[in-house]
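# A look at the structure
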Amino acid sequence: MMDWTDRHCRVFHRHLTRRALLYTEMLTTGAVIHGDRERLLGFDAVEHPIALQLGGSDPRELAEAARIGEAFGYDEINLNVGCPSDRVKDGRFGACLMAEPELVARCVEAMKRAVAIPITVKCRIGIDDQDPEVALDALARGVVASGCDALIVHARKAWLNGLSPKENRDIPPLDYDRVYRLKRAMPEVPVIINGGIPGIEEAKAHLEHVDGVMLGRAAYQEPWRLLSVDREIFGEAAPHGSMQAALEAMMPYIEQQLARGTRLHAITRHFVGAFHAVPGARAFRRHLAEQGTRLGAGGDVLSDAIAKVAFGQAA
Ligand SMILES: Cc1cc2nc3c(=O)[nH]c(=O)nc-3n(C[C@H](O)[C@H](O)[C@H](O)COP(=O)(O)O)c2cc1C
């Protein structure tokens, strides 16, 4: 999620679930091809399995960016056909591509030809005055015919005129049934549902109808929920028995990053929602906010913050 997630966040989340697939925020093909690749694409080996999300609409550039992503070691390339921001519209990618299913299909075809890893598409159920019954099927059928390996559907329209990106994540009504119908119409294609899913119990209910569930804001703002993903969804033990243990396990990574010049806050800013309804959660947050943002703050700030939490946030 642009401006929210980054590689540090993903390392943290990987300490909460071994099995969930993690996604990068959207990177434009221009940035991937012409930008500082190590800074934009570099990630830690513990982040696997990890998908790189691309924004673009030029098949040749997308193929090139996918090739670069594969060479960096990403496990999947995902094409963004859901982002509604103006910047994205001007560049003719993101959600506005819902209106150009043939172009999206050509993009997928070019990426498939370029790499051996899975190519997936994240889209909306439609945009503006499109009929989702027609628009979603048209997009899905086109990309699947081009070899798309899975579809992630944010179960609401994007209204490209008049709503801000933030409003476009809340105001257009959710239509989970539309995504379930897509799955029934294309049983051979993995369909992953996204949008407004608050936690693991709700995710399990969706799994009665679709193949996967993507959590966005809930995963970021309430990361403690991820501690039960491996047990509840995959029937495996969590990587750590408590949030404290997961955070302590971050310490070697943090020391390594501090030694490279990363500021502590760049990592600990992702821990704000780590504890929920446990004594000391607020003191943990306050300590990180007050001490973790100091220039030269070290790992001891995190240890001290963890010590303020009385009981574990159990897995
Ligand atoms: C700050 C922010 C940044 C986002 N950036 C991206 C992005 O880069 N790529 C993407 O596919 N979706 C992005 N999204 C949308 C989410 O992935 C997700 O589709 C949306 O928030 C609905 O799911 P949720 O209700 O589980 O959050 C972003 C959402 C937020 C809140």
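Predicted model, so just to flag it, every value in this text is computed and none were measured.

### A few points about the pairing of strand 1 (residues 22-28)
Of all seven residues in strand 1, five are buried; the element is thus mostly enclosed. Bridge count between strand 1 and strand 2 (residues 50-55): five bridges; the pairing is parallel. Of the residues in strand 2, the one forming a bridge with leucine 22 is isoleucine 50.

### Comments concerning the site of the ligand
With respect to spatial proximity, 16 residues lie near the ligand, and among them Gln53, Lys122, Asn194, Gly196 and Arg217 are the closest. Measuring from an oxygen atom of the ligand, one finds a backbone N or O atom of methionine 26 at 3.0 Å. Contact with the protein chains hides 91% of the accessible area of the ligand, taken as 610 Å² for the molecule alone. When grouped by side-chain class, the residues that make up the shell around the ligand number five nonpolar, seven polar and four charged.

### Overview of the nonpolar core
By size, the foremost hydrophobic cluster in this structure holds 93 residues, and its most contacted members are Val121, Phe271 and Phe284. Examining the composition of this core, we find that seven residues originate from one element, helix 6 (residues 101-114), more than from any other. Of the residues that make up this core, three or more belong to each of domain 1 (7-225) and domain 2 (243-307). Apart from the residues within four sequence positions on either side, phenylalanine 271 is in contact with Phe12, Leu247, Met250, Ile254, Phe284, Leu288 and Leu302.

### What to know about the packing of aromatic side chains
What the rule picks out here adds up to four aromatic pairs. Plain terms: the ring middles of tryptophan 4 and tyrosine 220 are 5.2 Å apart, the flat faces sit at 35 degrees to each other, and that makes the pair tilted. With tryptophan 4 in the segment before helix 1 (7-14) and tyrosine 220 in helix 10 (residues 217-221), the pair connects residues that are 216 residues apart, well separated along the chain. Centre to centre, the rings of phenylalanine 43 and tyrosine 74 are 4.6 Å apart; their planes meet at 50 degrees, and the pair counts as tilted. With phenylalanine 43 in the loop between helix 3 (37-41) and strand 2 and tyrosine 74 in the loop between helix 4 (59-72) and strand 3 (76-81), the pair connects residues that are 31 residues apart, well separated along the chain. This pair shows no difference in class: phenylalanine 43 is buried, exactly as tyrosine 74 is.

### Some remarks on the side chain of glutamine 257
Of note, glutamine 257 is situated in helix 13 (residues 251-259). Dropping the residues within four chain positions of it, glutamine 257 is found in contact with Arg7, His8, Thr262 and Ile267.

About the cut-offs
- Residues numbered from 1 in each chain as written.
- Predicted model: local features only at pLDDT ≥ 70, side-chain atom pairs only at ≥ 80, totals over all residues.
- Heavy atoms only, no water.
- Buried < 20%, exposed > 50% of the residue type's maximum accessible area, 1.4 Å probe, protein only.
- Helix = DSSP H or I, 4+ residues; strand = E, 2+ residues; numbered from the N terminus.
- Pairing = 2+ DSSP bridges.
- Near = heavy atom within 4 Å.
- Polar contact = N/O pair within 3.5 Å; in protein donor to acceptor, adjacent residues only side chain to side chain.
- Areas by Shrake-Rupley, 256 points an atom, 1.4 Å probe, with all protein chains shown as cover.
- Nonpolar A, V, L, I, M, F, W, Y, C, P; charged D, E, K, R; others polar.
- Core = buried A, V, L, I, M, F, W, Y, C linked by side-chain atoms within 4.5 Å.
- Domains from an automatic or database assignment.
- Contact = heavy atoms within 4.5 Å.
- Phe/Tyr/Trp six-rings, centres within 6.5 Å; stacked < 30°, edge-to-face > 60°.

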